[in-house]
Amino acid sequence: MNVLLIGSGGREHAFAWKIAQSKKLTRLFILPGNAGTAGCGTNVIISETDFEAIRKFVLENKITMVVVGPEAPLVKGIYDFFSADNDLKSIPVIGPSKTGAQLEGSKDFSKRFMQRHQIPTARYQTFTKETMQEGMTFLETLPPPYVLKADGLAAGKGVVIPATLDEAKQELTEMLAHSKFGEASVKVVIEEFLKGIELSVFVLSDGVSYKILPPAKDYKRIGEADTGLNTGGMGAVSPVPFADAAFLKKVEDRIVVPTINGLKKEGIIYKGFIFIGLMCVNGNPYVIEYNCRMGDPETEVVVPRIKSDLLDLFEGVAKGNLSERKIEIDSRYAASVMLVSGGYPGAYEKGKVISGLEKVKDSIVFHAATEVKNGKPEPVTSGGRVMAITSYGHTMAEALEKSYKSAGEIKFDKIYYRKDIGLDL
Ligand code: AMP
Ligand code: GLY
């Protein structure tokens, strides 16, 4: 197979690392990729959402499968673009249709979907500028804290959790009347706050059947003990000790099965990953959000635990016979620590030389924001989340110890990482 993988983060390096090991692979291209993915295949400098340029590349290079990492091309409708084009429609795209991607692209859509299929989630209502006063009244019926979500994609910043009613009302005004998140906050979902512990469950579906991948927990805040600003994710572990077989059975019965059946019943084409963000409340799972892709950095711990050939599973998705394919999971723990640029998620500098990579022996380094400049041997930083250091262990502590030891070998100016990944578990 000639595979085109779309994306440039740690998630895509983890996919590329795994796909490069497949017996079914002939050539792998990563669009646009990073300094790490260049070691697994060929990077192609084209924008992830430039569908015409992607079309030309796919045809010229006889690509036989497209794997989509991030949400933007999915929400923009890359699946539908391929299926509507006579020359492209026989080339499978691993990722949902534009309507399926609305599970992530619109919080209101996903809440209504959950309601239609009795999938457990927080009680909510949706408001617009015209119904802002009713939104204020709804806020008054809820106990604090308050959860306000911009309906559309807002680069992971669209959820605000004010502690008081006054702040919540002010936030609602900012979002609806002052377009705080632009188009994304034309609608705002207000929902009840769920108190519990979060985890993520990932499902791969061919639209008919599904495989549940190992659960993972990520660490979203920049500071230790979950303090400070939200980030894309500062580390992850898999499996999640509190997500035992009984809990995962509830997730499958109450959430995964009704989600897949709901998509099917509504005729929504979904051949790709579903990322289910869950809150465990007194041992029961509630959906916090759906994403139409894998998580980052969760992929950096989930993919290394998949022993089966990933392209074989993707082929099952493409052909609609995923149920006939086997998925084997490594029983070891995987833990990943994200190395970030000092200042992230606020302002930070780029272009810092990264050294010490050759000293890492016991871990896998997944690059996230790195590039090679002027053919120099050492990559430089090109974004906030620079690289994820993943290790295996027979215990979580062993996996974490290896990742921290490796993290200590890697140097770049103003490097920062959390030292408490996994400690809460
Ligand atoms: P989201 O972008 O939907 O993942 O929300 C970002 C974060 O806000 C989640 O990871 C949760 O920590 C938190 N959150 C979202 N919805 C709720 C809720 N209903 N109750 C408690 N926390 C929530
Ligand atoms: N780690 C959370 C996400 O990928 O959205």
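Note that the structure is predicted; figures quoted are calculated from it, not measured.

### With respect to the overall build of the chain
From N to C terminus, the chain includes twelve helices and 23 strands. A compact globule built from 425 residues should have a C-alpha radius of gyration of about 22 Å, and the chain, at 21 Å, falls within 12% of that. By its C-alpha atoms, the chain is 60 × 50 × 45 Å across when sized along the principal axes. Within the span of the chain, comprising 425 residues, buried residues form 57% of the whole. Partitioning the contacts of the chain with sequence separation of at least 6, the portion at a separation of at least 24 is 68%. Only carbon and sulfur atoms are counted for the fraction: they give 51% of the accessible area of the chain, which is about 17,600 Å². For the chain, the distance from the average position of its 53 positive side-chain charges to the average position of its 52 negative side-chain charges is 3 Å.

### Side note on the sheet that holds strand S16 (residues 272-281)
Ordered in space as S11-S10-S16-S17, the four strands form an open sheet in which the pairing is antiparallel. Because the sheet does not close on itself, it has two edges, and the strands there are strand S11 (210-212) and strand S17 (284-291). Each neighbouring strand pair of the sheet contributes to a mean axis angle of 30°, computed without reference to strand direction. Summarising the sheet, strand S10 (residues 197-205) and S16 pair through nine bridges and their orientation is antiparallel. Bridge assignment links phenylalanine 202 to a residue of S16, and that residue is phenylalanine 275.

### Overview of the site of ligand 2
Neighbouring ligand 2 are Asp218, Gly232, Phe275, Arg293, Gly295, Asp296, Pro297 and Glu298. A distance of 2.9 Å separates an oxygen atom of ligand 2 from a polar backbone atom of aspartate 296. For ligand 2, a nitrogen atom lies 2.8 Å from a polar atom in the side chain of glutamate 298. When ligand 2 sits alone it has 190 Å² of accessible area, and the protein chains cover 88% of it. Of the residues assigned to the shell around ligand 2, the class counts are two nonpolar, two polar and four charged.

### A short note on the site of ligand 1
In the vicinity of ligand 1 there are 15 residues, among which Glu191, Glu192, Leu194, Glu198 and Glu289 approach most closely. In isolation ligand 1 exposes 480 Å². Once the protein is present, 89% of that is buried. Going through the elements one at a time, strand S7 (147-150) and S17 are the ones with two or more residues in the shell around ligand 1. The residue makeup of the shell around ligand 1, split by class, is eight nonpolar, no polar and seven charged.

### Some thoughts on a nonpolar patch on the surface
Nonpolar side chains collect at one region of the surface, where Val159, Ile161 and Phe193 lie side by side and expose about 230 Å² of accessible area between them. Tracing the chain through its elements places phenylalanine 193 in the loop between strand S9 (187-191) and S10. What makes phenylalanine 193 partly exposed here is its relative accessible area of 34%.

### Some details on the pairing of strand S1 (residues 2-7)
Most of S1 is tucked away, with six of its six residues classed as buried. Where S1 lies against strand S2 (residues 27-32), six bridges are found, and the strand directions are parallel. Bridge pairing links leucine 4 to phenylalanine 29 in S2. For the crossover from S1 across helix H1 (residues 10-19) to S2, the handedness is right-handed. In terms of strand pairing, S1 meets strand S4 (residues 65-68) through four bridges, oriented parallel. In the strand pairing of S4, leucine 4 is matched with valine 66.

### Quick notes on the pairing of strand S15 (residues 235-238)
Because side chains alternate across S15, one face comprises the buried residues Gly235 and Val237, and the other comprises Ala236 and Ser238, equally buried. In the sheet, strand S12 (residues 217-218) pairs with S15 via two bridges, with the strands oriented antiparallel. Counterpart to lysine 217 in the pairing with S15 is valine 237. Sheet analysis places S15 next to strand S18 (residues 333-341), joined by four bridges and oriented antiparallel. By the bridge assignment for S18, serine 238 is matched with alanine 334.

Rules behind the numbers
Residues numbered from 1 in each chain as written. Chains lettered and ligands numbered in written order. Predicted model: local features only at pLDDT ≥ 70, side-chain atom pairs only at ≥ 80, totals over all residues. Heavy atoms only, no water. Helix = DSSP H or I, 4+ residues; strand = E, 2+ residues; numbered from the N terminus. Rg over C-alpha atoms; globule rule 2.2 N^0.38 Å. Buried < 20%, exposed > 50% of the residue type's maximum accessible area, 1.4 Å probe, protein only. Contact = heavy atoms within 4.5 Å. Areas by Shrake-Rupley, 256 points an atom, 1.4 Å probe, with all protein chains shown as cover. Lys, Arg positive; Asp, Glu negative; His and termini not counted. Charge placed at Lys NZ, Arg CZ, Asp CG, Glu CD. Pairing = 2+ DSSP bridges. Axes fitted to C-alpha atoms, helices over the stretch in contact; angles between N-to-C directions. Near = heavy atom within 4 Å. Polar contact = N/O pair within 3.5 Å; in protein donor to acceptor, adjacent residues only side chain to side chain. Nonpolar A, V, L, I, M, F, W, Y, C, P; charged D, E, K, R; others polar. Patch = residues over 30% accessible without salt bridge, like charges linked within 9 Å, V, L, I, M, F, W, Y side chains within 5 Å. Salt bridge = Lys/Arg side-chain N within 4 Å of Asp/Glu carboxyl O. Right-handed = clockwise from strand over helix to strand, strands pointing away.

Keep in mind these numbers describe shape, not what the thing actually does.
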